[in-house]
Amino acid sequence: MSVTKLFFLPTGSCYLDQSAVNRTLPAGKLVEMPVWSFLLETTDGPILIDTGMPDSFVNNPNYYKGTKREGRVVPNMSEDDRIINVLKRVGYRLDDIQALISSHLHLDHAGGNGHFHKAPIFVQQAELDAAIGNNDYAPQECIFPDLPYHAIEGDYEVRPGIQILFTPGHSPGHQSILVKTKKSGYVLLTVDVAYVRQNFDNGVPFLTSDPEMATKSIQRMKEVIQEFRPSTVFFGHDQDQAKNCRTFPDYL
Ligand SMILES: [Zn+2]
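Residues numbered from 1 in each chain as written. Predicted model: local features only at pLDDT ≥ 70, side-chain atom pairs only at ≥ 80, totals over all residues. Heavy atoms only, no water.

**A word on the UniProt feature "domain: Metallo-beta-lactamase" (unreviewed entry) in the chain**
Here is the rule we go by: UniProt positions are given in the numbering used here, feature names are shortened, and annotations may be inferred rather than shown by experiment. Elements are defined by DSSP. Helices are runs of H or I of four residues or more, strands are runs of E of two residues or more, and each kind is numbered from the N terminus.
As recorded in UniProt, the sites labelled "domain: Metallo-beta-lactamase" (unreviewed entry) are residues 34-237. Across residues 34-237 one finds 19% helix and 27% strand; the C-alpha atoms that close the span lie 5 Å apart.

Structure representation (structure tokens):
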């Protein structure tokens, strides 16, 4: 088994209050956060990482109107950003996916999970414990209780060359993925270990469930970078990085 291609797939964006991205800034101004899925083509078939936002966000920037998140979270999602359509562009149907890795169960990462009823969904037990049955955690479309979850605790090798690293802090069961591809060697998808580079490089605090754990997870990622020297280190929602990202059909 080896990873032949890693595709970066844009799946819309989400406007978030700037104080979530940088805790030292006052609330009241929105910043645009690109949202991602990643598709790994392997010699054993395609493996997906994250599924973007829920279908109920499509053309619905007012989803959170009348809730406590009104004005703080504004989805920007089109029909094209639904995971089913994103996969179609790459040439796959939902049933082709051999495994789904869910970095965590937030609204901008697990929105399409409910479409996957066959392939195992690799997710941390701590994340399931925090999210399932918790209406405040994410829209219900992100946290259906009866999906084929493959619950794990800590680090886990999904396949040779696809290593899950347990990096809690942003959420209780957050995980990052270290991938080794044929073309690019190691690629580190930190996901929401850091929303943007300044969280990672300069320790600028951002939205976390446990700030102390989040700091430790950033430190751990820095050690992984020292050890594996990845050709790319990718952050969850960094606009500058997104601008220079080689998205599908290009690949790493
Ligand atoms: Zn996120």
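Once the structure has been displayed, the description carries forward.
**Structural notes on helix 5 (residues 211-228)**
Convention followed: In this analysis, the expected span of each helix is defined as 1.5 Å times one less than the number of residues it contains. Three exposure classes are used, based on accessible area relative to the maximum for each residue type with a 1.4 Å probe and protein chains only: buried under 20%, partly exposed in between, and exposed over 50%. This arc is taken over the directions from the axis of the helix to the C-beta atoms. For this analysis, residues touch if any pair of their heavy atoms sits within 4.5 Å. Polar contacts, as counted here, are pairs of nitrogen or oxygen atoms within 3.5 Å of one another; within protein the pair requires one atom able to donate a hydrogen and one able to accept it, and residues that are adjacent in sequence qualify only if both atoms are side-chain atoms.
Between its first and last C-alpha atoms helix 5 spans 26 Å; for 18 residues at 1.5 Å apiece the expected length is 26 Å, and the two agree. Residues Ala214, Ser217, Ile218, Met221 and Val224 constitute the buried set of helix 5. Along the long axis of helix 5, the arc covered by the buried residues comes to 115°, so they all point the same way. Among the exposed residues of helix 5, those oriented more than 90 degrees off its buried face are Glu212, Thr215, Lys216, Gln226 and Glu227. Of the surrounding elements, those touching the buried residues of helix 5 are strand 9 (162-166), strand 10 (175-181), strand 11 (185-191) and helix 4 (197-202). In this structure Asp210 caps helix 5, since a side-chain oxygen of it lies 3.2 Å from the backbone nitrogen of Glu212. A positive phi of about 50° marks Arg229, the residue just after helix 5.

**Observations regarding the coordination of the zinc ion**
Note the cut-off: Note: metal donors comprise N, O and S atoms at 2.8 Å or less from the metal (3.2 Å for Na, K and Ca); water molecules are not included, so apparent gaps in a site are possible. Metal sites are grouped by the angles between bound donors: all angles between 85 and 135 degrees with four donors is tetrahedral, opposite donors over 155 degrees apart with the others between 65 and 115 is square planar for four donors and octahedral for six, and any other pattern is irregular.
Here the zinc ion is held by Asp108 (OD), His109 (NE2), Asp192 (OD) and His237 (NE2), and the distances to it run 2.0 to 2.5 Å. Given 4 donor atoms and angles of 79 to 166° at the metal, the environment of the zinc ion is assigned as irregular. Residue class for Asp108 comes out buried when judged on its relative accessible area of 11%. For Asp192, a relative accessible area of 0% corresponds to the buried category.

**Focus: the nonpolar core**
Threshold: What is meant by a nonpolar core is a set of buried Ala, Val, Leu, Ile, Met, Phe, Trp, Tyr and Cys residues, joined one to another through side-chain atoms within 4.5 Å.
Core analysis: the biggest nonpolar cluster contains 25 residues, and Leu39, Leu48, Leu87, Leu105 and Phe116 have the highest contact counts within it. Looking at this core, the elements that each hand over two or more residues are strand 1 (3-17), helix 2 (83-90), strand 6 (121-124) and helix 3 (125-131). Sorting elements by how many residues they give to this core places helix 2 first, with 4 residues. When residues no more than four places from it in sequence are discounted, the contact partners of Leu105 are Ala110, Asn113, Val123, Glu127, Leu128, Ala131, Tyr137, Ala138, Cys142 and Ile143. One finds Leu6, Ile47, Phe122 and Ala242 within the second-largest nonpolar core, a separate group that totals 24 residues.

**A closer look at the pairing of strand 1**
The side chains of a regular strand alternate, first on one face of the sheet and then on the other. Selection criterion: At least two DSSP bridges between two strands are needed for those strands to be called paired.
Note: strand 1 against strand 2 (residues 30-42), 12 bridges, orientation antiparallel. Looking at the pairing, Cys14 lines up with Met33 of strand 2. The pairing of strand 1 with strand 4 (residues 73-76) spans 4 bridges and is antiparallel. Within strand 4, the position partnered with Tyr15 by the bridge is Val74.

**Thoughts on the pairing of strand 6**
Our working definition: By convention, orient the strands away from the viewer: a clockwise path from the first strand over the helix to the second makes the crossover right-handed.
Neither face of strand 6 is open: one carries Ile121 and Val123, the other Phe122 and Gln124, and all of them are buried. Note that strand 5 (residues 99-101) and strand 6 share 2 bridges and pair parallel. Across the sheet, Ile101 pairs through a bridge with Phe122, a residue of strand 6. Of the pairings in the sheet, the one linking strand 6 to strand 7 (residues 149-152) comprises 4 bridges and is parallel in character. Within strand 7, the residue paired with Val123 across the bridge is Ala151. A crossover links strand 6 with its parallel partner strand 7, the connecting element being helix 3, and its sense is right-handed.

**Quick look at the pattern of salt bridges**
It is possible for side chains bearing opposite charge to pair when their charged atoms get close. The criterion, for reference: We define a salt bridge as a side-chain nitrogen of Lys or Arg found within 4 Å of a carboxyl oxygen belonging to Asp or Glu.
Under the criterion given, the structure shown has 10 salt bridges. Measuring nitrogen to oxygen at the nearest pair gives 3.2 Å for the salt bridge that ties Lys68 to Asp136. Remark: Asp136 occurs in the loop between helix 3 and strand 7 and Lys68 occurs in the loop between strand 3 (45-49) and strand 4; sequence separation between them is 68 residues. Owing to a relative accessible area of 60%, Lys68 belongs among the exposed residues under this scheme. The exposure class assigned to Asp136 is partly exposed, which follows from its relative accessible area of 39%. Across the pair Asp155 and Arg220 runs a salt bridge whose closest N-O atoms are separated by 2.8 Å. You can see Asp155 sitting in the loop between strand 7 and strand 8 (156-159) and its partner Arg220 sitting in helix 5, a full 65 residues away along the chain. Arg220 sits in the partly exposed class, given a relative accessible area of 27%. Overlapping salt bridges, with partners in common, bring together Asp55, Glu79 and Arg82 in one network.

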